[in-house]
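Observations on the three-dimensional arrangement
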Amino acid sequence: MGEGRVSPNWVVLSLMLACLAAWLILDAVSVAPNRIVPGSAYAALEIMSGWPALLLTAPMLAVVVLAWRPDQQRLKLALATTVLLLALLPLWLSAATAVLVEPSMPQARVGIGPSLWLLLFLLLLVLIELRTRLALSRSMGWCLLLPMIVSWWLSLALWLEPLALQREYQARSAQFTSALTMHLVLVGAAVAASLVLAALLALAMRRHAGIRRAGFGVLNFLQTIPSLALFGLLLAPLAWLGTHVDWLAAIGVSGIGWAPAFLALLGYSLLPMVRNIHVALEEVDPAVIESARGMGMSRRQVFLQVRLPLALPIVIEGIRITTVQAIGLTAVAALIGAGGLGTFIFQGLGQAAMDMVLLGALPIIVMALFADALFGSLSERLRQGGTA
Amino acid sequence: MKPGSLLARHVAPVPTSRRWLVPMAWFILLLMLSAGMGQLEWLFRLVEPDVREVIYRRAGFFALLGQHVMVVGVASLLAVLLGVGGAIAVTRPAGRDFLPLVSQLASIGQTFPPVAVLALAVPALGFGTLPIVVALLLYGLLPIVRNTLAGIDGIDPDVHEAARGMGMTAGEVLRQVELPLAAPVIIAGIRTSVTVNIATAALGATVGASNLGDPIIAGIVNGNTAYIVQGALLIGLLAITVDSVFERLQPASQA
């Protein structure tokens, strides 16, 4: 490293070179005449005699050059270029679709190839890296995704009807909406119920050491039991209850369906929730409590006005962990007939229909990331508010 | 200061032979149950009195257990090698550039549900054992990387300084100071990784790998609770056995 020279940003450099290689070598799209016949794959350079693909390599090369001697200005330029690239991908895909799919093929399906997936992943990594280097805020990071989202939405609405994922969605849009709703309801109900139960449990634990030891023992034990096994084990007792207890049967309790799923989700949600609420209530500085009491606050006031506000960020952290976990576990619950987006995953796996698998898996990942970001920023904000 | 003494402080003073009693008990129970599931036919008859077959016989439980352990073992071993290796690499001066990206990736990746990772591996790699091993490897990497980074990062800079001052080389500092000090956190990460992987591997039965998830899936499909109980019991026991082994390995510092 000589004086006055900045060393290259190796991270962006290597990621971008990987992007270039993926773009130029791997298959970008595949076209199949219908759902059953396997498609034929095309590399980006083979489509539209290659020039739009080469056009896209220009911004990639630009980022490589910018990352070679990075300063604040150049990194910002590289960031803008990356955002542009992410927004250009769906437009390129639209153009490729228009060229490859002839009007005589009304059932044609366009699949997204490994090159595009890889590019999407690598470009998002570049975005994360640049955001960190430039020390941009979390919300700014989300804003950077907006051009890409708008571009995808526009392309999907106008030009990407033959996209296999889109076709799969259109074939079962009503089913998709109800699965999504069921997923959200199950997650919401489990998290809400576990919040209430965990609060009661944590308060009881504060009073009695015995309850604390037994409670954490049972909950830790529960957490090690694999989800599939727990869902399965709940089938039998609930089936028995559903057939022998009339009022339970009337509200829809049976071995298959929402009841075992809800109970299992509740069981898994309790441990992180109880742990965080317990820690939150324990960790408030005793001196703060002391001075609040000294100011003449009653026990109740101390709890409501001092303990609770100080504990809230940690409790929300618990909600974050629980929600993310429940979103994933609800997908497994589809196996015992609880509905939700997991239905598409397992049906798709059963029929070897990979686009259907994606239709289930992608929204689940988006939901998990969204819940993580939402509660993460909420707890961060409350924490800042608390210390200010 | 002998570097070994740094670790010795954390280890609980229970004699070694006694410490392994609990995991051994779980392990023996697991083996006995895999071998003697057929002997318990009368018990499962109580659960499912009406069906023709109450014991899952499409494959032996030992074989299923073996395959389950094999898949999780291979994936976890690779995850440990890659995860710890990668985390060490990005905390060295030469790899420092990659540290922010890797640590962010490890924490973002943890929000991906394991089922979704498994589901995405199948379109990419086809059906069978390979996508499961890859999915488990990828998913198992994250907690290991995250904890190794946290463990190495959490070491007091003064300790580092002192070790260098004693004339240790960078390699010696890593082997004799950093890794032993970070060990409890790293082991906690491996524990999370393996426990989650045992559960996720069971889902592999839906993508054509045969393992302990098979009886559960077969039971759900055929409405045969006895099959479900058999699969669930064995997976549960395997998870508890492995978890109790890690509990012994992991020094007492635990929330």
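Model, not experiment: these values are computed from the prediction.

**Quick word on the overall build of chain A**
Check the secondary structure of chain A and you find 15 helices and three strands. Its C-alpha atoms put chain A at 75 × 70 × 30 Å along the principal axes. Burial status across chain A gives 49% buried among its 388 residues. Expressed as a percentage of contacts within chain A between residues at least 6 apart in sequence, the contacts between residues at least 24 apart total 76%. For chain A, the accessible area works out to roughly 18,600 Å², and carbon and sulfur atoms hold 68% of it. Distance between charge centres in chain A, computed from 23 positive and 17 negative side chains, equals 10 Å.

**Considerations on the domain arrangement of chain A**
All names here are of chain A. Looking at chain A, the domain boundaries give domain 1 (10-164) and domain 2 (173-387). One C-alpha centre belongs to domain 1, the other to domain 2; they are set 36 Å apart. On the side of domain 2, nine residues touch domain 1, which itself brings six residues to the contact. In total, about 540 Å² of surface goes out of reach between domain 1 and domain 2, with carbon and sulfur atoms giving 58% of it. Taken together, the links from domain 1 to domain 2 amount to zero salt bridges. Summed over the shared surface of domain 1 and domain 2, the result is zero residue pairs in polar contact (both at pLDDT 80 or more). For the side of domain 1 that touches domain 2, the residue count by class is three nonpolar, no polar and three charged.

**Some thoughts on the environment of B:Thr91**
Residue and element names in this part refer to chain B. Summarising the element assignment, Thr91 is placed in helix 5 (residues 61-91). C-alpha separation for the pair Thr91 and Leu149, spaced 58 residues apart in sequence, amounts to 7.5 Å. Those residues in contact with Thr91 that sit more than four places away from it in its chain are Arg96, Leu99, Leu149 and Ile152. Of the polar contacts made by the side chain of Thr91, one reaches the backbone oxygen of Ile88; its length is 2.8 Å.

**With respect to the layout of surface pockets**
Residues and elements named next belong to chain A. Each pocket or cavity is described by its volume, and for the second largest pocket that value is around 350 Å³. Leu203, Arg206, Arg207, Ile289, Arg293, Arg299, Arg300, Val302, Phe303 and Arg307 are the residues that line the second largest pocket. Going through the elements one at a time, helix 7 (173-207), helix 12 (286-294) and helix 13 (299-333) are the ones with two or more residues in the lining of the second largest pocket. Ranked by the residues each element gives to the lining of the second largest pocket, the list is headed by helix 13, at five residues. Classifying every residue of the lining of the second largest pocket by side-chain character gives four nonpolar, no polar and six charged.

**Quick look at the UniProt feature "transmembrane region" (unreviewed entry) in chain B**
All names here are of chain B. With numbering aligned to this structure, UniProt lists the feature "transmembrane region" (unreviewed entry) at residues 20-40, 61-91 and 111-139. The span residues 20-40 shows a helical share of 76% and a strand share of 0%, and its end C-alpha atoms are spaced 28 Å apart. Between the end C-alpha atoms of residues 111-139 the distance is 10 Å, and the span holds 79% helix and 0% strand.

**Describing the packing of helix 11 (residues 258-282) of chain A against helix 13 of chain A**
Residues and elements named next belong to chain A. The geometry of helix 11 relative to helix 13 is characterised by a closest axis approach of 8 Å and an angle of 150 degrees between their N-to-C directions. Relative to helix 13, helix 11 is oriented roughly antiparallel. Handedness of the helix 11/helix 13 crossing: right-handed. Classifying every residue of the contact of helix 11 with helix 13 gives 17 nonpolar, six polar and two charged.

**With respect to the interface of chain A and chain B**
Many descriptions give the size of an interface as the accessible area lost when the pieces come together. In this complex, chain A contributes 40 residues to the contact, which on the side of chain B involves 37 residues. Buried surface at the junction of chain A and chain B, summed over both partners, amounts to about 3,400 Å²; 84% is from carbon and sulfur atoms. For the chain A face of the interface with chain B, the top three residues by lost area are A:Thr224, A:Leu228 and A:Leu349, together amounting to 16%. Along the contact surface separating chain A from chain B lie zero salt bridges. Here chain A is connected to chain B by two residue pairs in polar contact (both at pLDDT 80 or more). Only helix 1 (10-25), helix 4 (114-133), helix 8 (209-224), helix 9 (227-244), helix 13, helix 14 (342-350) and helix 15 (354-387) of chain A provide two or more residues apiece to the side of chain A that touches chain B. It is helix 15 of chain A that provides the largest number of residues to the side of chain A that touches chain B, a total of nine residues. Its residues assigned to classes, the side of chain A that touches chain B shows 30 nonpolar, six polar and four charged.

Cut-offs used in this document
Residues numbered from 1 in each chain as written. Chains lettered and ligands numbered in written order. Predicted model: local features only at pLDDT ≥ 70, side-chain atom pairs only at ≥ 80, totals over all residues. Heavy atoms only, no water. Helix = DSSP H or I, 4+ residues; strand = E, 2+ residues; numbered from the N terminus. Buried < 20%, exposed > 50% of the residue type's maximum accessible area, 1.4 Å probe, protein only. Contact = heavy atoms within 4.5 Å. Areas by Shrake-Rupley, 256 points an atom, 1.4 Å probe, with all protein chains shown as cover. Lys, Arg positive; Asp, Glu negative; His and termini not counted. Charge placed at Lys NZ, Arg CZ, Asp CG, Glu CD. Domains from an automatic or database assignment. Buried area = accessible area lost by both parts, 1.4 Å probe. Salt bridge = Lys/Arg side-chain N within 4 Å of Asp/Glu carboxyl O. Polar contact = N/O pair within 3.5 Å; in protein donor to acceptor, adjacent residues only side chain to side chain. Nonpolar A, V, L, I, M, F, W, Y, C, P; charged D, E, K, R; others polar. 1 Å grid on protein atoms, 1.4 Å probe; cavity = no way out; pocket = protein on both sides within 12 Å on 5 of 7 lines; lining within 4 Å. Points joined across faces, edges and corners; volume = space filled by probe spheres on them. UniProt positions renumbered as here; feature names shortened; annotations may be inferred. Axes fitted to C-alpha atoms, helices over the stretch in contact; angles between N-to-C directions. Parallel < 35°, antiparallel > 145°, perpendicular 65-115°, else oblique. Left-handed = near helix turned anticlockwise from the far one by under 90°.

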